[in-house]
Amino acid sequence: MRKSTIKLTKHELDVASDTIYPQTKQSVMLKLQQLFTACGQKLNQNLAYQELTASRQFKITKGEQYKGMPYMVLDTPQIKGPQVNFVLRTMFWWGHYITCNLIIRTDNLSAHQEYKGIRKLRKTYLLNGSDLWEQDLDSPAFTKCSALSEDEIKSVVQSHTYLKLSRKIALRKYAELPKLVDAIYTEWLTSLSIKKGAD
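Quick summary incoming for the structure in this document. Since we're looking at a predicted model, the values are computed, not measured.

## Structural notes on the overall build of the chain
So, point 1. Helix and strand counts for the chain stand at six helices and seven strands.
So, point 2. Along its sequence from the N terminus, the chain presents helices and strands in the succession α-α-α-β-β-β-β-α-β-β-α-β-α.
So, point 3. Counting only C-alpha atoms, the chain reaches 75 × 35 × 30 Å along its principal axes.
So, point 4. The burial tally for the chain puts 43% of its 199 residues in the buried class.
So, point 5. Put simply, of all contacts in the chain between residues at least 6 apart along the chain, 65% involve residues at least 24 apart.
So, point 6. When the accessible area of the chain is evaluated, it comes to approximately 11500 Å², of which 52% is carbon and sulfur surface.
So, point 7. Across the chain, 29 positive and 19 negative side-chain charges occur, with their mean positions spaced 4 Å apart.

Written out as C-alpha cells, the structure is:
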C-alpha cells in the first residue's frame, strides 16, 4: 500500500493532536453568543430603533467560512426573506474584529437627507462597492465618511440601492459590546433622515 503524499506540518499535527483549540473556540463562541443576545435585547429598548420598527425579533447565526474564518452575526431586526429594507448587523469575525453595520434601502431615506451628518460620523465607513455583505473594512469597497465630501457621499448614496455604514470594534473591547453597539447605532439612526416604517 502506497503512502499518501499529503503531509501535515509539525504545527498542523500538533494542533490536530490537541483538544485545546476546539474547546477554546466553543467557549469563545458561546460567550459571544451571550453577548450578542444582550446586544439584541439592548437594541430592542433603544428609542431611536423603536421609532423605526415594531419588530422585537433578532437572530444570531454562526458560520465557519467568512474568508476562511469562523464568524457570528446578529441581525436586528431578523431578516425574514430575500428583501432587506433595514437591518442593524453586528458581526464577530474570528482573528479580526467586530463590526457594526447599518444597511438600509436608499428609497427609505428622506428626499431631504442631510449628507453633512453622515460625513461627521466618527470612525464610520461608507460602502462604495457592490457587495452589500462585504465585512472587510480594510478593502477598497469601503471609505471613511470623514474622507469624503458631502457631494461624494450624496453621489454614492444616490447611485446605490442600499446605504451601508460600518464601524470596527476591537475584540479587546468585548466586555463593553452591548453599550458600544447601542451607542454606535443610536448615533447613526439619529444622523440619518429615515422614513418611518422603513422595515
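## Concerning the side chain of Gln113
So, point 1. With respect to the helices and strands, Gln113 occurs in the loop between strand 4 (97–105) and helix 4 (115–119).
So, point 2. Judged by its relative accessible area of 6%, Gln113 is buried.
So, point 3. One polar contact links the side chain of Gln113 to the main-chain amide nitrogen of Ser193, over a distance of 2.7 Å.

## What to know about the environment of Ser149
So, point 1. Along the chain, the position of Ser149 falls in the loop between strand 6 (142–144) and helix 5 (150–158).
So, point 2. For Ser149 and Tyr115, which are 34 residues apart along the polypeptide, the C-alpha to C-alpha distance reads 8.9 Å.

## Some thoughts on the packing of aromatic side chains
So, point 1. Taken as a whole and judged by the stated rule, the model has six aromatic pairs.
So, point 2. Both rings, one in Tyr49 and one in Phe86, keep their centres 6.4 Å apart while their planes meet at 35 degrees; by these two values the pair is tilted. Remark: Phe86 occurs in strand 3 (residues 86–93) and Tyr49 occurs in helix 3 (residues 47–50); sequence separation between them is 37 residues.
So, point 3. Looking at Tyr49, the relative accessible area reads 0%, which means it is buried.
So, point 4. A ring pair is formed by Tyr185 and Trp188, whose centres lie 5.7 Å apart and whose planes are at 75 degrees; its orientation type is edge-to-face. Within this pair, Tyr185 and its partner Trp188 are both found in helix 6 (residues 177–191), separated by three residues, close to a single helical turn.

## Considerations on the nonpolar core
So, point 1. By size, the foremost hydrophobic cluster in this structure holds 40 residues, and its most contacted members are Leu102, Leu165 and Leu189.
So, point 2. Apart from the residues within four sequence positions on either side, Leu102 is in contact with Phe86, Val87, Leu88, Leu163, Lys164, Leu165, Tyr185, Trp188, Leu189 and Leu192.
So, point 3. One finds Val73, Val84, Met91 and Tyr162 within the second-largest nonpolar core, a separate group that totals 15 residues.

## Focus: the pairing of strand 7 (residues 162–169)
So, point 1. With seven of eight residues buried, strand 7 is to be regarded as a mostly interior element.
So, point 2. Pairing of strand 4 with strand 7, which is carried by eight bridges, proceeds in the antiparallel orientation. The residue of strand 7 that forms the bridge with Arg105 is Tyr162.
So, point 3. Here strand 5 (residues 125–127) runs beside strand 7; their pairing, made up of two bridges, is antiparallel. In the sheet register, Leu126 faces strand 7, and the bridge partner there is Leu165.

## Brief notes about the layout of surface pockets
So, point 1. Space inside the largest pocket adds up to approximately 290 Å³.
So, point 2. Along the walls of the largest pocket sit 14 residues, with Lys123, Arg167, Lys168, Ile169 and Lys173 positioned nearest its centre.
So, point 3. Of all the secondary-structure elements, those providing two or more residues to the lining of the largest pocket are strand 7 and helix 6.
So, point 4. Here the lining of the largest pocket is built from residues that sort into six nonpolar, no polar and eight charged.

Definitions and limits used
Residues numbered from 1 in each chain as written. Predicted model: local features only at pLDDT ≥ 70, side-chain atom pairs only at ≥ 80, totals over all residues. Heavy atoms only, no water. Helix = DSSP H or I, 4+ residues; strand = E, 2+ residues; numbered from the N terminus. Buried < 20%, exposed > 50% of the residue type's maximum accessible area, 1.4 Å probe, protein only. Contact = heavy atoms within 4.5 Å. Areas by Shrake-Rupley, 256 points an atom, 1.4 Å probe, with all protein chains shown as cover. Lys, Arg positive; Asp, Glu negative; His and termini not counted. Charge placed at Lys NZ, Arg CZ, Asp CG, Glu CD. Polar contact = N/O pair within 3.5 Å; in protein donor to acceptor, adjacent residues only side chain to side chain. Phe/Tyr/Trp six-rings, centres within 6.5 Å; stacked < 30°, edge-to-face > 60°. Core = buried A, V, L, I, M, F, W, Y, C linked by side-chain atoms within 4.5 Å. Pairing = 2+ DSSP bridges. 1 Å grid on protein atoms, 1.4 Å probe; cavity = no way out; pocket = protein on both sides within 12 Å on 5 of 7 lines; lining within 4 Å. Points joined across faces, edges and corners; volume = space filled by probe spheres on them. Nonpolar A, V, L, I, M, F, W, Y, C, P; charged D, E, K, R; others polar.

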